Amino acid sequence: MITSRRDFLRSLSTGAAAGMAVHWQPSGISRAATVEPSRFKQDGELIHLNSNENAYGPSTKVVDAIKSSIGSANRYPRMEYNALAERIAGFHKVKPEQVLLGCGSTEILRMAAFAFLGNGKQLIQSSPTFEAIEHYARAASSEVISVRLNPAFAHDLDGMLARANASTTLVYICNPNNPTASLTARKDLENFIGKLPAASFVIDEAYHHYAGQSGMYASFIDRPLGDERVIVARTFSKVYGLAGLRLGYAVASPKIVQQMRRFATEDNINAVVTQAAAAALDDTDGVNGSVRRNTDDRQEFFNQAMARALKPIDSHANFVMMNTFHPAGEVIQHFCKNNILIGRLFPTMDSYIRVSLGRPEEMRAFWRAWDMLPYPKHSMQH
Ligand SMILES: Cc1ncc(COP(=O)(O)O)c(C=O)c1O
């Protein structure tokens, strides 16, 4: 386990040398790169721009709900599980049997991997994308096919189709995609899903709220396809600011929910988050405020980037990816030496960094550190 900034730096350089991400491996399942160093704290010292969290935390109403739920911490939240599933179902206008809760949407991805993959079966995903499902797929002895994003950083759906075969039982589509914050057009996804009749599809909408303004995007919950094989994953870790309380969910057909539920951890939801999540769903102003703040922070990031003649990838999320035209491992280390954690290394994009949007003062520190990068800046102006 990484316990200090010095240890973190040391492990980073080892990881960077090996072309790998820094990671911690819990027993059994490799979660390379899904657990980031921010957990191994030097809190108060480090600026966390590395895990796409909500830098502002939950809304006041949600904080109040958290406080008032503490008294039930001694009870298993079994009744609350159903109440929350019903609340989420009502929120999305689906049946409660269509909702499955998880300890973060990471658990949803694990359940999908174990329900639909296994020896002789194949997962198709993009590269780079959010890696959790890949690790669970490998743990389930499946083959994993990774297809590079296209030049617009959208999922290369034709490329994915070309690699699919009779053993392709699961396809992972992260939209907006992590780490690129890019979108894949809804109409292209519809076409693609129609062409792969044997597979199930996880559409990971972790960053849904930040993509709302784009005409090319439509959530598969808000505009369902009416296709039994589509599983939408959502999380309370981003716009709602509850990453530390661990809650995610899937919306899918009742049959798929049943298949996945067999792999859920017993009592996977905690007593505090059930109350927090219900309050978060009720707090429309809180969510709108969170989205607005992100829009402003993102715009300011692009203003600062433009002032330096940098061209980040267009972002539809609460983070930004950009080419530094230098080995990203060295850039990451530079920021770490300045007490700023940014995203890890990502396969196939080894000169790019991913920066989660922080509070204004944190972003000012980011740009100060950027301006101190010991590289000729002209190489970055593309
Ligand atoms: C695309 C994507 N999916 C899922 C997750 C997992 O979120 P959680 O397990 O906190 O709900 C993340 C976390 O960063 C993510 O980026």
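Thresholds, definitions, all that
- Residues numbered from 1 in each chain as written.
- Predicted model: local features only at pLDDT ≥ 70, side-chain atom pairs only at ≥ 80, totals over all residues.
- Heavy atoms only, no water.
- Core = buried A, V, L, I, M, F, W, Y, C linked by side-chain atoms within 4.5 Å.
- Buried < 20%, exposed > 50% of the residue type's maximum accessible area, 1.4 Å probe, protein only.
- Contact = heavy atoms within 4.5 Å.
- Salt bridge = Lys/Arg side-chain N within 4 Å of Asp/Glu carboxyl O.
- Helix = DSSP H or I, 4+ residues; strand = E, 2+ residues; numbered from the N terminus.
- Near = heavy atom within 4 Å.
- Polar contact = N/O pair within 3.5 Å; in protein donor to acceptor, adjacent residues only side chain to side chain.
- Areas by Shrake-Rupley, 256 points an atom, 1.4 Å probe, with all protein chains shown as cover.

Formed by 79 residues in total, the largest nonpolar core has its most connected members in Phe-192, Phe-236 and Met-260. Setting aside its immediate chain neighbours within four residues, Met-260 contacts Leu-100, Ile-108, Met-111, Ala-112, Ala-115, Phe-116, Ile-231 and Ala-250. If you look at the next biggest cluster of nonpolar residues, it comprises 26 residues, including Ala-305, Leu-310, Ile-340 and Trp-367.

Bringing the pattern of salt bridges into the picture now. In total, this model carries 11 salt bridges according to the counting rule given. Among the salt bridges present, the one from Arg-186 reaches Glu-190, with a minimum N-O distance of 2.5 Å. Placement of the pair is Arg-186 and Glu-190 together in helix 7 (residues 186-194), with a separation of 4 residues, close to one helical turn. Accessibility expressed as a relative area gives 5% for Arg-186, which makes it buried. We classify Glu-190 as partly exposed; its relative accessible area is 30%. A salt bridge links Arg-223 to Glu-190; the shortest N-O distance between them is 3.6 Å.

This part is about the site of the ligand. Neighbouring residues of the ligand: 14 residues in total, closest Ser-105, Thr-106, Tyr-207, Thr-235 and Ser-237. Residue Asp-204 places a side-chain N or O atom 2.6 Å away from a nitrogen atom belonging to the ligand. Ser-237 places a polar side-chain atom, nitrogen or oxygen, 2.6 Å from an oxygen atom of the ligand. Taking 390 Å² as the accessible area of the ligand by itself, protein coverage stands at 93%. At the level of elements, helix 4 (105-116) and strand 5 (168-174) are the ones that each hand at least two residues to the shell around the ligand.

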